[in-house]
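Observations on the model geometry
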Amino acid sequence: MLLLGASGAGKSTLVQALAGVLGGEDEGDQLGELLVDGVRPERARGRVGLVLQDPDSQVILARVGDDVAFGCENLGIARDEIWRRVRESLDAVGLDLPLDHPTARLSGGQKQRLALAGVLAMRPGLLLLDEPTANLDPQGVLEVRDAVARVLDDRDSTFIVIEHRISTWIDLVDRVVVLEPGGGVLADGSPDEVLAREGRSLAESGVWVPRFPPRAPVRQVTPGPTLLRTEQLGVARAGGVSLQSGVSLQVAAGTALAITGPNGSGKSTLGLTLGGLLAPASGRVDAAGLAGGLGTDPLRWKSRELVTRIGSVFQDPEHQFLAGTVREELAVGPRVLRRPEAETADRVDDLAERLRLTGLLAANPFTLSGGEKRRLSVATALITRPPLLLLDEPTFGQDSRTWSELVALFTELLVEGTALVAITHDTQFVAAIADAELSLEPAAVSG
Amino acid sequence: MTAILTPVRGTQAIFRVNPVAKLGAALILGIALLLSLDWVSALVALSCEVVLFAWAGVGARRLALRALPIVIAAAFAGVTIALYGQASGAIRFEFLFARISDGSLALAGATVLRILAIGLPALVLFLTVDPTDLADGLGQVLHLPARFVLGALAALRLAGLFLDDWRSLELARRARGAADRGRLRRFAGQAFALLVLSIRRGSKLATAMEARGFGASTRRTWARPSRFGWPELLLLAIGLAVAAAAIMAAILAGTWKFLGGQ
């Protein structure tokens, strides 16, 4: 069964209630009754298996075998039986690794399959997946999907998945339920039936419905002067592991460059290096077109000189939040630049309006939804009007509504003459905004 | 991500000894050497230990590297005591409050030896401990509560993620224009942000663990047996022997001072 609904409709809450991990009465109110196998879910531990969105916070132990065994241990299963189940579950999800393989060395897709194996080893009758592929690259999405497909073929357990990219799961489910924000069920039926009836309204509420793809505006490209270029640039991770070398690229005002490539190819590191945040391992970054009186190496600019020249938007918005309210957050940049308060307030209101954040100005940034956090992190970079914007996975895990808002915004910025560099896995996004694409090869494995 | 919980593996016998026994041996040595503050017991213990390090499963280079902080701390403590320790006997050098005497020099030497004699074996034993095995041992051999032991183990794994978070936070602050402020204020702000992130991560991990039945009322089983047999008893016996030899030598040499008494 595929569980759909607009953001805030309570999909995750329902799934967590089914898994019995919602917490006690002091953490919220419960009306009505929810029974799994005729008992309250807290008593049915092991009958329900839950896989969540974030791969990193689901790995529990340091070795692959131990991690899968963890759930069985908690259920009090005998030792021989545990290891039999561990091998069987790893087989089922297609993780062909030694039992003492370090979990820290798994890719995102492998981590999610490991979490799935850990859940399967408990032999649940009900399998719950809460956006299991939202944080994965296209390769990881396929890995997890195929693993789930294999598992469903072999067992007859009930399966519920939350996901706003319908196309990933639609072939595996025989029922779609749409929740209504504020309570109640909006639609419940076979995939064809529900999509035929509710497809358009689902697409409008942010669900990725294959028949109703989000629209992307068309623009006239008029390249301006070159703002930033690199010569034979090499980048390395903290600790000196070289990821890429010999990267030569140019970014002109009013154009968008997409940087693509598999996980671990050093895309994010390249982005940080271009943004004057990391030192290059070799070669150089020449931002003469942005310098305006400063040196050409952005790494040597002061932090407050950087914000009016290059805006960096990180993959995880939470890393960038500094203040207690959205309004304060937006005002950080202007305050650093000592802009007059009245001007700052105007600019904040203006940008909040443009990015649909006006109603949230008093909220704490950490309490926002994923899409709101993304819009806020883009706004914090835009507020100081940098001519170059560096975006790391700006559309990752976003619903189709936020996606089309972002694409519309970036298109406007490009037309106004801003240059964009976007690191992304999202082929639709590349097609919608990029004028050039730099595809990185996987990093050479060196020891 | 940065991993600080990678499995510790090696071929030598010491890697197979239950971590609980290593904890015990380090504890025995530590307590025995804290009973007196003389240099003979510390020197004897340290000499025995240096010989035993040959079987410790840690290469000389790696040992030297890891031991560096302990050596520096010992040297620092030694210099401080030599300069400011209780003066007795002939005075060798005097400047303001600093006074180097025969008595303070002897005390300094004994302290340096003691720190090394307690610190080095603890370091060597723990370099060969896999945290997962230690948790298994604490749970199965010492019967500490599983909730506590495994909760701590899982939290330890998150520490590696915190290192990555910290780096990202640092770069993000520069990108936001907030990196020119005072170092101290920036550090405080960043530390608070890390705290917020870690609490969020921790609660997500707790949900994932709970979803796998952790903390349920069922009696837990252990997938990995944690044995306590002859090799473990042998290690404890070695620890006891070194401690006994050190104390005997000090008593015979007449330098033994119980708990630093006269």
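Everything quoted here is computed from the prediction, not taken from an experiment.

Another aspect to go through is the overall build of chain B. When you go through chain B residue by residue, the secondary structure sums to eight helices and two strands. Against the compact-globule benchmark of 18 Å for 262 residues, chain B has a radius of gyration of 23 Å, which places it well outside the compact range. By residue count, 35% of the 262 residues in chain B fall in the buried class. Partitioning the intrachain contacts of chain B with sequence separation of at least 6 by distance along the chain shows that 78% fall at a separation of at least 24.

Let us now look at the overall build of chain A. In terms of helices and strands, chain A carries 15 helices and 15 strands. The C-alpha atoms of chain A give 24 Å as radius of gyration, which agrees with the globular expectation for 447 residues (22 Å, within 12%). In terms of its C-alpha atoms, chain A occupies a principal-axis envelope of roughly 70 × 50 × 40 Å. Per-residue burial for chain A yields a buried fraction of 49% across its 447 residues. Residue pairs in contact within chain A that sit at least 24 positions apart in sequence constitute 72% of those at least 6 positions apart.

All names here are of chain B. Per-chain confidence: chain B averages 83 in pLDDT, with 94% of residues scoring 70 or above. Taken element by element, the predicted model of chain B shows its lowest mean pLDDT in strand S1 (residues 91-95) (75) and its highest in helix H8 (residues 230-253) (90). The complex model carries a pTM of 0.79, and its ipTM stands at 0.82.

With that out of the way, let us pick up the packing of helix H5 (residues 131-140) of chain B against helix H6 (residues 146-175) of chain B. Residue and element names in this part refer to chain B. For the pair H5 and H6, the least separation of the axes is 9 Å and the interaxial angle reads 170 degrees. Comparing their axes, H6 and H5 come out roughly antiparallel. Within the contact between the two elements, H5 uses Pro131, Thr132, Ala135, Leu138 and Gly139 and H6 uses Ala146, Val149, Leu150, Leu153 and Leu156. A class-by-class count of the residues in the contact of H5 with H6 yields eight nonpolar, two polar and no charged.

In this section: the packing of helix H1 (residues 19-34) of chain B against H8 of chain B. The description of two helices packed together rests on the angle between their axes and the distance between the axes. All names here are of chain B. Where H1 meets H8, the closest approach of the two axes is 8 Å, and the angle between their N-to-C directions is 10 degrees. Judged by the inter-axis angle, H1 sits roughly parallel to H8. Contacts from Ala21, Lys22, Gly24, Ala25, Ile28, Leu29, Ala32 and Leu33 in H1 reach Glu232, Leu235, Leu236, Ile238, Gly239, Leu240, Val242, Ala243, Ala246 and Ile247 in H8. Counted by class, the contact of H1 with H8 contains 14 nonpolar, two polar and two charged residues.

What follows deals with the interface of chain A and chain B. At the junction of the two partners, chain A supplies 54 residues and chain B supplies 45 residues. Mapped onto the side of chain A that touches chain B, the elements with two or more residues apiece are helix H2 (64-74), helix H3 (79-92), helix H10 (303-306) and helix H11 (326-336) of chain A. The biggest single contributor to the side of chain A that touches chain B is H2 of chain A, with seven residues. Split into classes, the residues belonging to the side of chain A that touches chain B amount to 28 nonpolar, 15 polar and eleven charged.

A few words now on the nonpolar core. One finds Leu50 and Ala117 of chain A together with Leu29 of chain B to be the most contacted residues of the largest nonpolar core, which totals 114 residues. Setting aside residues no more than four positions away along its own chain, Leu50 of chain A makes contact with Val15, Ala19, Val21, Val119, Leu128 and Asp130 of chain A together with Ala211 of chain B. Within the second largest apolar cluster, 68 residues are counted, among which are Ile259, Trp301, Val378 and Val407 of chain A.

Below, the discussion takes up the sheet that holds strand S2 (residues 48-51) of chain A. Residue and element names in this part refer to chain A. Pairing is mixed in the open sheet, where six strands are placed in the order S2-S3-S4-S1-S5-S6. The two strands at the open ends of the sheet, each matched to only one other strand, are S2 and strand S6 (185-189). Strand-to-strand twist in this sheet, taken as the mean axis angle between neighbours without regard to direction, amounts to 15 degrees. Taken together, the five bridges between strand S3 (residues 126-130) and strand S4 (residues 158-162) define a ladder with parallel strand orientation. Directly across from Leu127, in S4, lies its bridge partner Phe159.

Another aspect to go through is the domain arrangement of chain B. Domain boundaries assigned for chain B yield domain 1 (18-133 + 227-253) and domain 2 (145-211). Computed from C-alpha atoms alone, the centre-to-centre distance between domain 1 of chain B and domain 2 of chain B is 35 Å.

Residues and elements named next belong to chain A. Along its sequence, chain A is organised into domain 1 (2-204) and domain 2 (226-439). On a C-alpha basis, the centroid separation for the pair domain 1 and domain 2 is 33 Å. Every contact between the two is made by eleven residues of domain 1 and, on the other side, eight residues of domain 2.

Moving on: helix H5 (residues 138-154) of chain A. Residue and element names in this part refer to chain A. Counted at 1.5 Å a residue, the expected span for H5 with its 17 residues is 24 Å, and the 25 Å between its end C-alpha atoms agrees. Turning to H5, its buried residues number three or more, namely Gly140, Val141, Glu143, Val144, Arg145, Ala147, Val148 and Val151. The elements touched by buried residues of H5 are H3, helix H4 (108-120) and helix H6 (166-169).

With that out of the way, let us pick up the sheet that holds strand S10 (residues 256-260) of chain A. Residues and elements named next belong to chain A. Pairing is parallel across the open sheet formed by five strands, whose spatial order is S12-S13-S14-S10-S15. Both edges of this open sheet fall to strand S12 (310-313) and strand S15 (436-439), since each of them pairs with a single strand only. The average angle at which neighbouring strand axes cross in this sheet is 15 degrees, direction not considered. With four bridges joining them, S12 and strand S13 (residues 388-392) adopt parallel strand pairing. Looking across to S13, one finds that Gly311 is bridged to Leu389. Of the strands in this sheet, S10, S13 and strand S14 (419-423) are in contact with helix H8 (residues 267-274), which crosses S14 at around 150 degrees. Along the sheet, helix H13 (residues 370-382) makes contact with S12 and S13, crossing S12 at roughly 165 degrees.

All names here are of chain A. One non-glycine residue, Arg338, lies in the positive phi region at around 60 degrees. Looking at the secondary structure, you find Arg338 in the loop between H11 and helix H12 (341-354). Despite not being glycine, Glu393 has its phi angle at roughly 50 degrees, a positive value. On the secondary structure map, Glu393 appears in the loop between S13 and helix H14 (400-415). Overall, the presence of 23 C-beta atoms within 10 Å leaves Glu393 in the buried class.

As a further point, take the environment of Leu171 of chain B. You can see Leu171 of chain B is positioned in helix H6. Dropping the residues within four chain positions of it, Leu171 of chain B is found in contact with Leu272 and Leu277 of chain A.

Position of Arg200 of chain B relative to the elements: it lies in helix H7 (residues 183-211). Sequence spacing of Arg200 of chain B and Leu123 of chain B is 77 residues, and the spatial spacing of their C-alpha atoms is 33 Å.

This paragraph deals with H4 of chain A. Taking 1.5 Å as the rise per residue, H4 of chain A with 13 residues should run 18 Å; its terminal C-alpha atoms sit 18 Å apart, in good agreement. In terms of burial, H4 of chain A is a largely internal element, 13 of the 13 residues being buried.

Definitions and cut-offs
Residues numbered from 1 in each chain as written. Chains lettered and ligands numbered in written order. Predicted model: local features only at pLDDT ≥ 70, side-chain atom pairs only at ≥ 80, totals over all residues. Helix = DSSP H or I, 4+ residues; strand = E, 2+ residues; numbered from the N terminus. Rg over C-alpha atoms; globule rule 2.2 N^0.38 Å. Buried ≥ 20, exposed ≤ 12 C-beta atoms within 10 Å, placed from the backbone. Contact = placed C-beta atoms within 7 Å. pLDDT = per-residue confidence, 0-100. Axes fitted to C-alpha atoms, helices over the stretch in contact; angles between N-to-C directions. Parallel < 35°, antiparallel > 145°, perpendicular 65-115°, else oblique. Nonpolar A, V, L, I, M, F, W, Y, C, P; charged D, E, K, R; others polar. Core = buried A, V, L, I, M, F, W, Y, C linked by C-beta atoms within 7 Å. Pairing = 2+ DSSP bridges. Domains from an automatic or database assignment. Expected span 1.5 Å × (residues − 1).

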